[in-house]
Amino acid sequence: AQSVTQLDSQVPVFEEAPVELRCNYSSSVSVYLFWYVQYPNQGLQLLLKYLSGSTLVKGINGFEAEFNKSQTSFHLRKPSVHISDTAEYFCAAISGNTPLVFGKGTRLSVIA
Amino acid sequence: KAGVTQTPRYLIKTRGQQVTLSCSPISGHRSVSWYQQTPGQGLQFLFEYFSETQRNKGNFPGRFSGRQFSNSRSEMNVSTLELGDSALYLCASSLGFVVNTEAFFGQGTRLTVV
């Protein structure tokens, strides 16, 4: 069964600094990958998704992620974060007919 | 267009009671999925419905059940509530298979069992 691991539960970073949120998945057979963001007391919003094609995926709010099949990773990056990026970020995967499987989440705290 | 609507937003119930949560998907969306979110376990899949048929079911006890109506609205029911059922319950809707279409999430129903 597919599983998703987010290696960092919390990531503090200063405003305007770059950030990388790490995500590893277990199965590379026909896997589709997603990053979602959750603001306090809100549902989840899709940031970006990888289905096929270019391994570098660009999303909303200046985020991008790179699919690396050999390392079974899908890390999320942003070159310069803002206070408004403070939120919880979830990596998720689908493989075959399974539903979305989520990682435990990474809480990004942007410090002024 | 209106987003995914979940009602109620907040709910407090007593152990042993039952509860019904509602989800109205985006107009035209036929797929509805439910997730339970807790600090310890994260987001766990409950079930998915497409055109009134349950397509997938997560690893939850039989106390958790759901259904989807012909207008795609969905309800989930939890019977004999336990303290551990306290969680944020999220509903997501999509046009069809989430791989090919984006899943839109509601704001969730926060259930507290006392």
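Everything that follows concerns the structure shown earlier in this document.
Residues numbered from 1 in each chain as written. Chains lettered and ligands numbered in written order. Predicted model: local features only at pLDDT ≥ 70, side-chain atom pairs only at ≥ 80, totals over all residues. Heavy atoms only, no water.

Draft legend 1. Broad picture of the interface of chain A and chain B. Tallying the contact residues gives 18 residues for chain A and 20 residues for chain B. Here chain A meets chain B over a buried area of about 1,600 Å², counting both sides, of which 58% is carbon and sulfur. Across the contact surface, chain A and chain B share zero salt bridges. Our count for the contact surface shared by chain A and chain B stands at four residue pairs in polar contact (both at pLDDT 80 or more). Mapped onto the side of chain A that touches chain B, the elements with two or more residues apiece are β5 (31-38), β6 (44-50) and β10 (87-95) of chain A. Of all the elements, β5(A) adds the most residues to the side of chain A that touches chain B, at four residues. When the residues that make up the side of chain A that touches chain B are grouped by side-chain class, the tally is 11 nonpolar, five polar and two charged. (Contact = heavy atoms within 4.5 Å. Buried area = accessible area lost by both parts, 1.4 Å probe. Salt bridge = Lys/Arg side-chain N within 4 Å of Asp/Glu carboxyl O. Polar contact = N/O pair within 3.5 Å; in protein donor to acceptor, adjacent residues only side chain to side chain. Helix = DSSP H or I, 4+ residues; strand = E, 2+ residues; numbered from the N terminus. Nonpolar A, V, L, I, M, F, W, Y, C, P; charged D, E, K, R; others polar.)

Draft legend 2. Local environment of the sheet that holds strand β7 (residues 64-68) of chain B. Residues and elements named next belong to chain B. Taken in spatial order, the four strands make up an open sheet running β1-β3-β8-β7, and their pairing is antiparallel. Lying at the two open borders of the sheet, with one neighbouring strand each, are β1 (5-7) and β7. Neighbour-to-neighbour, the strand axes of this sheet turn through a mean angle of 15°, independent of strand direction. Pairing geometry for β7 and strand β8 (residues 74-78), over five bridges, is antiparallel. Its bridge partner being in β8, F64 is matched across the sheet by V78. (Pairing = 2+ DSSP bridges. Axes fitted to C-alpha atoms, helices over the stretch in contact; angles between N-to-C directions.)

Draft legend 3. Quick look at the environment of B:P8. Relative to the helices and strands, B:P8 is located in the loop between β1 and β2 (10-13). Aside from chain neighbours lying at most four places away, what touches B:P8 is B:G108 and B:T109.

Draft legend 4. Structural context of the side chain of B:Q6. All names here are of chain B. Along the chain, Q6 falls in strand β1. Separated by 2.9 Å, the side chain of Q6 and the backbone oxygen of Y89 make a polar contact. There is a polar contact of 2.9 Å between the side chain of Q6 and the backbone nitrogen of C91. When near neighbours in sequence (up to four residues on either side) are disregarded, Q6 contacts S22, C23, W34, Y89, L90, C91, G106, Q107, G108 and T109.

Draft legend 5. Here's a closer look at empty space enclosed by the protein. By the definition in use, this model includes one cavity of 30 Å³ or more. Roughly 50 Å³ of internal volume is contained in the largest cavity. What lines the largest cavity is A:N41, B:R9, B:Y10, B:L88, B:Q107, B:G108 and B:R110. Residue composition of the lining of the largest cavity, grouped by class: two nonpolar, three polar and two charged. (1 Å grid on protein atoms, 1.4 Å probe; cavity = no way out; pocket = protein on both sides within 12 Å on 5 of 7 lines; lining within 4 Å. Points joined across faces, edges and corners; volume = space filled by probe spheres on them.)

Draft legend 6. How the structure looks around the nonpolar core. Residues and elements named next belong to chain A. One finds L33, W35, L47, L48, F74, L76 and Y89 to be the most contacted residues of the largest nonpolar core, which totals 27 residues. For this core, the secondary-structure elements that each account for two or more residues are β2 (10-14), β3 (19-21), β5, β6, β8 (64-68), β9 (73-78), β10 and β12 (106-111). When near neighbours in sequence (up to four residues on either side) are disregarded, L48 contacts L33, F34, W35, V57, K58, G59, F63, E64, A65, F74 and L76. (Core = buried A, V, L, I, M, F, W, Y, C linked by side-chain atoms within 4.5 Å. Buried < 20%, exposed > 50% of the residue type's maximum accessible area, 1.4 Å probe, protein only.)

Draft legend 7. Region of the structure containing the pairing of β8(B). Residues and elements named next belong to chain B. Judged by how many residues are buried, β8 sits mostly within the fold: five of five residues are covered. Because side chains alternate across β8, one face comprises the buried residues S74, M76 and V78, and the other comprises E75 and N77, equally buried. Summarising the sheet, strand β3 (residues 19-24) and β8 pair through five bridges and their orientation is antiparallel. In the sheet register, L21 faces β8, and the bridge partner there is M76. In this structure, the hairpin formed by β7 and β8 is closed by a connection of five residues, where S72 is found at a positive phi of approximately 75°.

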